[in-house]
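Breakdown of the fold
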There are 2 protein chains.
Amino acid sequence: MDKTTTKTDPRVLRTRQLLRDAFVELLEEMDIEKISVNKLAERATINRVTFYLHYKDIPDMLEKMADDMISDIHLVLDRSAIKSESPEVINTTMLVKLLEHIADHSKFYKVILASQRTTIFTERLLRMLTGLISEGIDQRGSHSYVAKANIQKDIAIWYSSAALIGTIVSWLRADLPYSPVFLAKQFLLLRTLSEQKE
Amino acid sequence: MDKTTTKTDPRVLRTRQLLRDAFVELLEEMDIEKISVNKLAERATINRVTFYLHYKDIPDMLEKMADDMISDIHLVLDRSAIKSESPEVINTTMLVKLLEHIADHSKFYKVILASQRTTIFTERLLRMLTGLISEGIDQRGSHSYVAKANIQKDIAIWYSSAALIGTIVSWLRADLPYSPVFLAKQFLLLRTLSEQKE
DNA sequence: AGACTAAATTTACAACGTGTCGTATAGTGA
DNA sequence: TCACTATACGACACGTTGTAAATTTAGTCT
């Protein structure tokens, strides 16, 4: 009768869902540090004390939400990763699946990934660098040269992953002006260029 | 007599410096959302009320600190950008100056740029992607191919700037394992590869 | 169905953080 | 020296936090 499936009380699922939805709503309306357990509970139409039955505090709730996010993404990705195709096909498939998943839940991801503080500092630097890089590209035009790469592996990894996630955040902030498939293709163009290793 | 220079009361400079130092200290010890005006004032050895004479609240203080950070960086960069050399030389010079500046104030930058919440989500995603990319590089080995690039300019900008700042954050978190000059060279190798434009 | 169990509510409390008062003190600049 | 102003101090009303009961409500199991 009882499989390994639903052991969890529907009430806790309901409460957590209400809390998460309320959190996303509030994060759309105000900065994160203005969100109190009070407001959260009120918006979620649950009692404030109930919050503490589920989470230690708001940072703890974020932690759990992040865990769930990663779990969800793994669910989306892992299935397709099993069949052994060529690395390029796998990468493309996974990337497309990731971007489509994000696009499908763009309200959540936009508000969660793009929310402020202390992203301010990173944010500011990013804005400045965006300007400089933009100028650089304008000046250089299409005269870029392809160098013989001699690049540290860890640096390449830092570089690629930061580029990937940062681009996704910009894509979300711009309200998804490109399709997941198109963006994935662009990524692979950019990424294969940078993936030389020592 | 009075030039355009120091018009500001040394007391306010002192107070603000105390506050900023205290903030960096506290951010080393605890998460940002645990930093209260109380603790800040106590650590800065100023009266709590004095804080409100300078800043509206803690987010406002962060805002101002970010402004100052950008100003400082502009001071470091702009001088060298004036003389009209080739784009490559300018880029290299500026990048090295930027990285050296960050390395010189690495305690500040590390604590400010690398501090948590709600970076958690971005953080988690980044960690996951780092793993995936790392695997990808391992599998592919040195068989990367250089594609004829046909890449949207805005995507390339998103990509490059996110990569740049993300790499700097990783570099800081790893406690500066490479010299600024070396890292700058690696950047330029990676960056010129990605700067194809449509 | 009814008994058992777990979650959510309600009320209350003490501790702390916030933002803003006057007013007193002490450092600054001419 | 003197006017000016930043800082210190004590105090206030108010919201938030985290916890502890006792109680009600809803789900589970047979």
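Keep in mind it's a predicted model, so treat the numbers as computed, not measured.

What counts as what
- Residues numbered from 1 in each chain as written.
- Chains lettered and ligands numbered in written order.
- Predicted model: local features only at pLDDT ≥ 70, side-chain atom pairs only at ≥ 80, totals over all residues.
- Heavy atoms only, no water.
- Near = heavy atom within 4 Å.
- Polar contact = N/O pair within 3.5 Å; in protein donor to acceptor, adjacent residues only side chain to side chain.
- Helix = DSSP H or I, 4+ residues; strand = E, 2+ residues; numbered from the N terminus.
- Nonpolar A, V, L, I, M, F, W, Y, C, P; charged D, E, K, R; others polar.
- Phe/Tyr/Trp six-rings, centres within 6.5 Å; stacked < 30°, edge-to-face > 60°.
- Core = buried A, V, L, I, M, F, W, Y, C linked by side-chain atoms within 4.5 Å.
- Buried < 20%, exposed > 50% of the residue type's maximum accessible area, 1.4 Å probe, protein only.
- Contact = heavy atoms within 4.5 Å.
- Buried area = accessible area lost by both parts, 1.4 Å probe.
- Salt bridge = Lys/Arg side-chain N within 4 Å of Asp/Glu carboxyl O.
- Axes fitted to C-alpha atoms, helices over the stretch in contact; angles between N-to-C directions.
- Parallel < 35°, antiparallel > 145°, perpendicular 65-115°, else oblique.
- Left-handed = near helix turned anticlockwise from the far one by under 90°.
- Domains from an automatic or database assignment.
- Least-squares fit on C-alpha atoms with pLDDT ≥ 70 in both.

This brings us to the protein's contact with DNA strand C. Residues in close proximity to DNA strand C total 20 residues, the closest being Arg11, Thr15, Asn47, Thr50 and His54 of chain A. When atoms of DNA strand C within 4 Å of the protein are split into backbone and base, the sugar-phosphate part holds 61%. A distance of 2.8 Å separates a base oxygen of DNA strand C from a polar side-chain atom of Arg48 of chain B. Note that a phosphate oxygen of DNA strand C is positioned 3.1 Å from one of the side-chain N or O atoms of Tyr52 of chain B. Where the surface near DNA strand C is concerned, the elements lending two or more residues are α1 (10-29) and α3 (48-54) of chain A together with α1 (10-29), α2 (37-44) and α3 (48-54) of chain B. Tallying contributions element by element places α3 of chain A first for the surface near DNA strand C, with five residues. In terms of residue class, the surface near DNA strand C is built from eight nonpolar, six polar and six charged.

What follows is about the packing of aromatic side chains. On inspection of all chains with the given rule, the structure shows 15 aromatic pairs over all chains. Taking the centre distance of 5.4 Å and the plane angle of 90 degrees together, the rings of Phe51 of chain B and Tyr52 of chain B count as edge-to-face. Taken together, the aromatic side chains of Tyr159 and Phe187 of chain A together with Tyr159 and Phe187 of chain B make up a single cluster linked through ring pairs.

On to the nonpolar core. Residues Phe23 and Leu40 of chain A together with Phe23 and Leu40 of chain B are the most contacted members of the largest nonpolar core, which totals 125 residues. Sequence-distant contacts of Leu40 of chain A, that is, excluding residues within four places in its chain, are made with Leu19, Ala22, Phe23, Leu26, Ile35, Phe51, Ile58 and Met61 of chain A.

Moving on to the interface of chain A and chain B. Facing the 83 residues of chain A at the interface are 85 residues of chain B. Of the roughly 8,700 Å² buried where chain A meets chain B, counting both sides, 70% is carbon and sulfur surface. Linking chain A to chain B there are six salt bridges. Our count for the contact surface shared by chain A and chain B stands at 12 residue pairs in polar contact (both at pLDDT 80 or more). Breaking the side of chain A that touches chain B down by element, the ones donating at least two residues are α4 (58-81), α5 (87-104), α6 (106-113), α7 (119-140), α8 (153-173) and α9 (180-194) of chain A. Its residues assigned to classes, the side of chain A that touches chain B comprises 46 nonpolar, 21 polar and 16 charged.

Moving on, we get to the packing of α8 of chain A against helix α8 (residues 153-173) of chain B. Closest axis-to-axis distance for the α8 of chain A/α8 of chain B pair is 6 Å, and the angle between their directions is 130 degrees. As the angle between them shows, α8 of chain A and α8 of chain B are arranged oblique. In the packing of α8 of chain A onto α8 of chain B, the handedness of the crossing is right-handed. Taking contact as the criterion, the partners of Ile155, Trp158, Tyr159, Ser160, Ala162, Ala163, Gly166, Thr167, Ser170 and Trp171 of chain A in α8 of chain A are, on α8 of chain B, Ile155, Trp158, Tyr159, Ser160, Ala162, Ala163, Gly166, Thr167, Ser170 and Trp171 of chain B.

Residue and element names in this part refer to chain A. Domain boundaries assigned for chain A yield domain 1 (10-54) and domain 2 (66-197). Interface area, domain 1 with domain 2, both sides summed: about 690 Å², of which 63% is carbon and sulfur. Three residues stand out in domain 1 for area buried against domain 2, namely Val24, Leu27 and Glu28, and they jointly supply 53% of the buried area on that side. The interface formed by domain 1 and domain 2 contains one salt bridge. A salt bridge links Arg20 to Asp68; its shortest N-O distance comes to 2.3 Å. Linking domain 1 with domain 2 are one residue pair in polar contact (both at pLDDT 80 or more), by the criterion used here.

Time to look at the relation of the copies chain A and chain B. Placing chain A over chain B gives an RMSD of 0.1 Å and needs a rotation angle of 180 degrees, together with 0.0 Å of translation along the axis. A rotation of that kind, with that shift, is consistent with a two-fold axis. When C-alpha distances to the rotation axis are compared across chain A, the minimum falls at Ala163 of chain A, with a value of 2.0 Å. Taken together, the interface assignments show that 100% of the residues at the interface of chain A recur at the interface of chain B, consistent with an identical surface on both copies.

The subject of this paragraph is the protein's contact with DNA strand D. Close to DNA strand D lie 21 residues, the nearest being Arg11, Thr15, Asn47, Thr50 and His54 of chain B. Counting only atoms of DNA strand D within 4 Å of the protein, the fraction found in sugar and phosphate groups is 66%. Interatomic distance of 3.1 Å between a side-chain N/O atom of Arg11 of chain A and a base nitrogen of DNA strand D. The contact in question runs from a phosphate oxygen of DNA strand D to an N or O atom on the side chain of Thr50 of chain B, over 2.5 Å. Those elements giving two or more residues to the surface near DNA strand D turn out to be α1, α2 (37-44) and α3 of chain A together with α1 and α3 of chain B. Counting residues per element, the surface near DNA strand D draws most heavily on α3 of chain B, at five residues. Counted by class, the surface near DNA strand D contains eight nonpolar, seven polar and six charged residues.

This brings us to the environment of Arg20 of chain A. Residues and elements named next belong to chain A. Tracing the backbone shows Arg20 in helix α1. C-alpha of Arg20 to C-alpha of Met65: the two residues are 45 residues apart in sequence and 7.9 Å apart in space. Not counting chain neighbours up to four residues away, the residues in contact with Arg20 comprise Tyr55, Met61, Met65 and Asp68.

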